[in-house]
Amino acid sequence: MENIMEYRKLDPGLVNVLNKMPTSHKQPVEVFVRTTEVPNQKEASFLKELGVRGLNHQRCTFTARLSAEAVTELSHQPWIHNLKLARKMRLA
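Residues numbered from 1 in each chain as written. Predicted model: local features only at pLDDT ≥ 70, side-chain atom pairs only at ≥ 80, totals over all residues. Heavy atoms only, no water.

Chemist: For this particular structure, what's the right way to read the pattern of salt bridges?
Modeler: Two side chains that carry opposite charge are able to pair once their charged atoms sit near each other. Summed over all chains, the structure comprises three salt bridges. Among the salt bridges present, the one from Glu-30 reaches Arg-53, with a minimum N-O distance of 2.4 Å. Here Arg-53 lies in strand S2 (residues 52-53) and Glu-30 lies in strand S1 (residues 29-35), a separation of 23 residues in the sequence. Its salt-bridge partner being Arg-65, residue Glu-30 comes within 3.6 Å of it at the nearest N-O pair. Of this pair, Glu-30 sits in strand S1 while Arg-65 sits in strand S3 (residues 61-66), placing them 35 residues apart in sequence. Classification of Arg-65 as partly exposed rests on a relative accessible area of 42%. (Salt bridge = Lys/Arg side-chain N within 4 Å of Asp/Glu carboxyl O. Helix = DSSP H or I, 4+ residues; strand = E, 2+ residues; numbered from the N terminus. Buried < 20%, exposed > 50% of the residue type's maximum accessible area, 1.4 Å probe, protein only.)

Right under this line is the structure:
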């Protein structure tokens, strides 16, 4: 696996957060993971190992708390459409 992210699959907010994170900082980032199609069994297992939540056979968008390394790994998967920073909701 390469250590360089495929930035075309990352939204600008996620790129910004990851670039500002010190290399020694291992805190996971809350993201939306969008696949090109409903994940097959092998892809679903891969996502589950990384900590992706809400996996089922009808969805293509999931949430996860991922390390920078996991984001890099997912960015290289051909079946990943994009990764987007999940924003915290503010109460009015």
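This is not the end of the story, as more comes after the structure.
Chemist: What should I look at first to understand the sheet that holds S1 in this one?
Modeler: Note: strands within a sheet are paired through backbone hydrogen bonds, in either parallel or antiparallel orientation. With respect to topology, four strands assemble into an open sheet ordered S2-S3-S1-S4, the strand pairing being antiparallel. The outermost strands of the open sheet, each flanked by one partner alone, are S2 and strand S4 (80-85). Of the pairings in the sheet, the one linking S2 to S3 comprises two bridges and is antiparallel in character. Bridging across to S3, Val-52 finds its partner in Ala-64. Along the sheet face, helix H1 (residues 12-20) touches S1 and S4 and points at about 65° away from the line of S4. (Pairing = 2+ DSSP bridges. Contact = heavy atoms within 4.5 Å. Axes fitted to C-alpha atoms, helices over the stretch in contact; angles between N-to-C directions.)

Chemist: What is the right way to look at helix H2 (residues 41-50) in this model?
Modeler: Residues lying three or four places apart along an α-helix face the same way, a consequence of the helix completing one turn every 3.6 residues. Where H2 is concerned, the buried positions are Glu-43, Ala-44 and Leu-47. Looking straight down H2, one finds its buried side chains confined to an arc of 100°; they lie on one side. For H2, exposure combined with an orientation more than 90 degrees from the buried face picks out Gln-41, Lys-42, Lys-48 and Glu-49. Contacts made by the buried residues of H2 are with S1, S2, S3, helix H3 (68-75) and S4. Where H2 begins, the side chain of Asn-40 points an oxygen toward the backbone nitrogen of Lys-42, at a separation of 3.0 Å. Directly beyond the C-terminal end of H2, a positive phi value near 100° is found at Gly-51. (Arc of directions from axis to C-beta. Polar contact = N/O pair within 3.5 Å; in protein donor to acceptor, adjacent residues only side chain to side chain.)

Chemist: Hey, could you run me through the packing of H2 against H3 in this one?
Modeler: Between two packed helices, both the angle of their axes relative to each other and the distance between the axes serve to describe the pair. Contact geometry for H2 and H3: axes closest at 11 Å, N-to-C directions at 165°. Classed by the angle they form, the pair H2 and H3 counts as roughly antiparallel. With respect to the hand of their crossing, H2 and H3 are arranged in left-handed fashion. Contact with H2, carried on its side by Phe-46, Leu-47 and Leu-50, involves Ala-70, Glu-73 and Leu-74 of H3 and no other residues of that element. Broken down by class, the residue content of the contact of H2 with H3 amounts to five nonpolar, no polar and one charged. (Parallel < 35°, antiparallel > 145°, perpendicular 65-115°, else oblique. Left-handed = near helix turned anticlockwise from the far one by under 90°. Nonpolar A, V, L, I, M, F, W, Y, C, P; charged D, E, K, R; others polar.)

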